[in-house]
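For reference, the chains in residue letters:
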There are 2 protein chains.
Amino acid sequence: MPERELPHPSTEEFVLTDVLFALSDPNRLTIVRQLAEGPMETASCQTLGGEMPKSTRSHYLKTLREAGIIRNVAHGRERMVSLRREDLDHRFPGLLTSVLEA
Amino acid sequence: MPERELPHPSTEEFVLTDVLFALSDPNRLTIVRQLAEGPMETASCQTLGGEMPKSTRSHYLKTLREAGIIRNVAHGRERMVSLRREDLDHRFPGLLTSVLEA
């Protein structure tokens, strides 16, 4: 059975430059903008081109998760991703809002 | 005689992900934090480690300039760099402030 629980950094472990880097890719940023609308199944995440290989999506989501931008949890037989908006706002006030509104 | 005037993007040409990428490196971010205090000669810019080869510094400054974060102009026999704070605030309100205060 594959591992279901993925590691997530605590807010104290967030690193500003890692967060900025994770947001600096147009495809990853597109995923973040979708998640700003609400949580979704990983399979529903889209990038600029629309379709993408599952391995590519997994890599984008891993970078976002490891930076602390999203949470990725098992949900039944699927996986759900959500934006860690409160955590980011707490640690880096105004950053995510300015990026989403840009 | 080497070229003295370097190209700088107009605010309309700024690309959010390029700005985020330029800020996502600890050494480049250190330079930006210094420039938040005021303009300085390129030779005075320092990074985390303090000293750095001139070629390394030139590369950091190029990435920051091309993203629109700094202006790099000839000043007598030296070159001066400054933060394009108003331009960034105009185009991406709140972004630079949130990064500098993080």
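Residues numbered from 1 in each chain as written. Chains lettered and ligands numbered in written order. Predicted model: local features only at pLDDT ≥ 70, side-chain atom pairs only at ≥ 80, totals over all residues. Heavy atoms only, no water.

- The name given to chain A in an unreviewed UniProt entry is Helix-turn-helix transcriptional regulator, with Cryptosporangium phraense as the source organism.

1. Here's the deal with the sheet that holds strand β3 (residues 78-83) of chain A
Two modes of strand pairing occur in sheets, parallel and antiparallel, and in both the strands are linked by backbone hydrogen bonds.
All names here are of chain A.
Move 1: Spatial strand order, β1-β3-β2: three strands in an open sheet with antiparallel pairing. At either end of the open sheet lies a strand with only one pairing partner, and these are β1 (40-41) and β2 (70-75).
Move 2: The strands touched by helix α2 (residues 26-35) within the sheet are β1, β2 and β3, with β3 carrying the most contacts at an inclination of about 90°. (Pairing = 2+ DSSP bridges. Helix = DSSP H or I, 4+ residues; strand = E, 2+ residues; numbered from the N terminus. Contact = heavy atoms within 4.5 Å. Axes fitted to C-alpha atoms, helices over the stretch in contact; angles between N-to-C directions.)

2. Side note on the pattern of salt bridges
All names here are of chain A.
Move 1: Summed over all chains, the structure comprises six salt bridges over all chains.
Move 2: The salt bridge involving lysine 62 is made with glutamate 66; its shortest N-O contact spans 3.1 Å. In this pair, lysine 62 and glutamate 66 both sit in helix α3 (residues 54-67), four residues apart, roughly one turn of the helix.
Move 3: Its relative accessible area of 38% is what places lysine 62 among the partly exposed residues. (Salt bridge = Lys/Arg side-chain N within 4 Å of Asp/Glu carboxyl O. Buried < 20%, exposed > 50% of the residue type's maximum accessible area, 1.4 Å probe, protein only.)

3. Overview of the pairing of strand β2 (residues 70-75) of chain B
Move 1: Direction of pairing for β2(B) relative to strand β3 (residues 78-83) of chain B: antiparallel, over a ladder of six bridges. Note on β3(B): the bridge partner recorded for Ala74(B) is Arg79(B).

4. With respect to the interface of chain A and chain B
Move 1: In this assembly, 17 residues from chain A lie in contact with 17 residues from chain B.
Move 2: Counting each side, the surface lost to burial between chain A and chain B is near 1,200 Å², with a carbon and sulfur contribution of 81%.
Move 3: Summed over the shared surface of chain A and chain B, the result is zero salt bridges.
Move 4: Inspection of the chain A/chain B interface yields zero residue pairs in polar contact (both at pLDDT 80 or more).
Move 5: Of all the elements in the fold, those that place two or more residues in the side of chain A that touches chain B are α1 (16-23), α2 and α5 (95-101) of chain A.
Move 6: Ranked by residues supplied to the side of chain A that touches chain B, first place goes to α1(A) with five residues.
Move 7: Residue composition of the side of chain A that touches chain B, by class: 11 nonpolar, four polar and two charged. (Buried area = accessible area lost by both parts, 1.4 Å probe. Polar contact = N/O pair within 3.5 Å; in protein donor to acceptor, adjacent residues only side chain to side chain. Nonpolar A, V, L, I, M, F, W, Y, C, P; charged D, E, K, R; others polar.)

5. With respect to the relation of the copies chain A and chain B
Move 1: For these two chains of identical sequence, chain A goes onto chain B by a turn of 180° and a shift of 0.0 Å along the axis, with RMSD 0.0 Å. The operation mapping one copy onto its partner corresponds to a two-fold rotation axis.
Move 2: When the interface residues of chain A are mapped onto chain B, 100% of them are again interface residues, pointing to one common binding face. (Least-squares fit on C-alpha atoms with pLDDT ≥ 70 in both.)

6. Some words on the nonpolar core
Move 1: Counting 54 residues, the largest nonpolar core has Ile69(A), Leu95(A), Ile69(B) and Leu95(B) as the members making the most contacts within it.
Move 2: Once residues lying within four places of it in the same chain are set aside, the contact partners of Leu95(B) are Leu95(A), Ser98(A), Val99(A), Leu16(B), Val19(B) and Leu20(B). (Core = buried A, V, L, I, M, F, W, Y, C linked by side-chain atoms within 4.5 Å.)

7. Describing the sheet that holds β3(B)
Residue and element names in this part refer to chain B.
Move 1: Spatially, β1-β3-β2 is the arrangement adopted by the three strands of the open sheet, whose pairing is antiparallel. Only two strands of the sheet have a single partner each, and these edge strands are β1 (40-41) and β2.
Move 2: In the packing of helix α2 (residues 26-35) onto the sheet, the strands contacted are β1, β2 and β3, and the crossing angle to β3 comes to about 90°.

8. Things to note about the packing of helix α1 (residues 16-23) of chain B against helix α3 (residues 54-67) of chain B
Residue and element names in this part refer to chain B.
Move 1: One can describe the packing of α1 onto α3 by two numbers: an axis separation of 9 Å at closest approach and a directional angle of 155°. Looking at the two axes, α1 sits roughly antiparallel to α3. Both α1 and α3 take part in a crossing whose hand is left-handed. Residues Asp18, Val19 and Ala22 of α1 form the contact with α3, whose participating residues are Thr63, Leu64 and Ala67.
Move 2: Considering only residue class, the contact of α1 with α3 consists of four nonpolar, one polar and one charged. (Parallel < 35°, antiparallel > 145°, perpendicular 65-115°, else oblique. Left-handed = near helix turned anticlockwise from the far one by under 90°.)

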